[in-house]
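Secondary and tertiary structure notes
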Amino acid sequence: METYTFLRQLADSWALLAMCAFFLGIVIWAFRPGSSAIHADTANIPFRHEDKPAADEEEAGR
């Protein structure tokens, strides 16, 4: 069997299966029940200092 033929068959079958399993694992990890609080916190980052700007590092140390 030639190397090209072997690698082509490998890519067509097992590599595709591995990539699909990896993708499904990432999707399941992203939508797991405990991650909703993390996603909500990340989504609200732009609104954390809506009333006033964040303090500079120099002002925070005073």
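The structure presented is a predicted model; accordingly, all values stated were derived computationally and were not measured.

A separate point is the pattern of salt bridges. Counted under the stated rule, the structure contains two salt bridges. Of the charged contacts in the structure, one is a salt bridge between Asp 12 and Arg 8, with a shortest N-O distance of 3.3 Å. Of the two residues, Asp 12 and Arg 8 both sit in helix α1 (residues 3–30), four residues apart, roughly one turn of that helix.

The next subject is α1. With 28 residues, α1 should reach 40 Å at 1.5 Å per residue; the first-to-last C-alpha distance of 38 Å fits that figure. A maximum bend of about 40 degrees is found in α1 at Ala 11.

A cluster of nonpolar side chains, contributed by Phe 6, Leu 7, Leu 10, Trp 14 and Leu 17, occupies part of the molecular surface with about 540 Å² of accessible area. Turning to its location among the elements, Leu 7 is positioned in helix α1. Owing to a relative accessible area of 46%, Leu 7 belongs among the partly exposed residues under this scheme.

Attention now moves to the side chain of Ser 35. Note on placement: Ser 35 falls in the loop between α1 and α2 (36–43). A relative accessible area of 4% places Ser 35 in the buried class. Aside from chain neighbours lying at most four places away, what touches Ser 35 is Trp 29 and Ala 30.

It is worth spelling out the confidence of the model for the chain at this point. Interpretation of this model should avoid reading the predicted coordinates in detail wherever pLDDT is low. Per-residue confidence for the chain averages 84 on the pLDDT scale, and 85% of its residues sit at or above 70. Averaged pLDDT values over the elements of the chain bottom out at 64 in helix α3 (residues 57–60) and peak at 90 in α1.

Basis of the calculations
Residues numbered from 1 in each chain as written. Predicted model: local features only at pLDDT ≥ 70, side-chain atom pairs only at ≥ 80, totals over all residues. Heavy atoms only, no water. Salt bridge = Lys/Arg side-chain N within 4 Å of Asp/Glu carboxyl O. Helix = DSSP H or I, 4+ residues; strand = E, 2+ residues; numbered from the N terminus. Expected span 1.5 Å × (residues − 1). Bend = angle between axes of the 7 residues up to and from the residue. Patch = residues over 30% accessible without salt bridge, like charges linked within 9 Å, V, L, I, M, F, W, Y side chains within 5 Å. Areas by Shrake-Rupley, 256 points an atom, 1.4 Å probe, with all protein chains shown as cover. Buried < 20%, exposed > 50% of the residue type's maximum accessible area, 1.4 Å probe, protein only. Contact = heavy atoms within 4.5 Å. pLDDT = per-residue confidence, 0-100.

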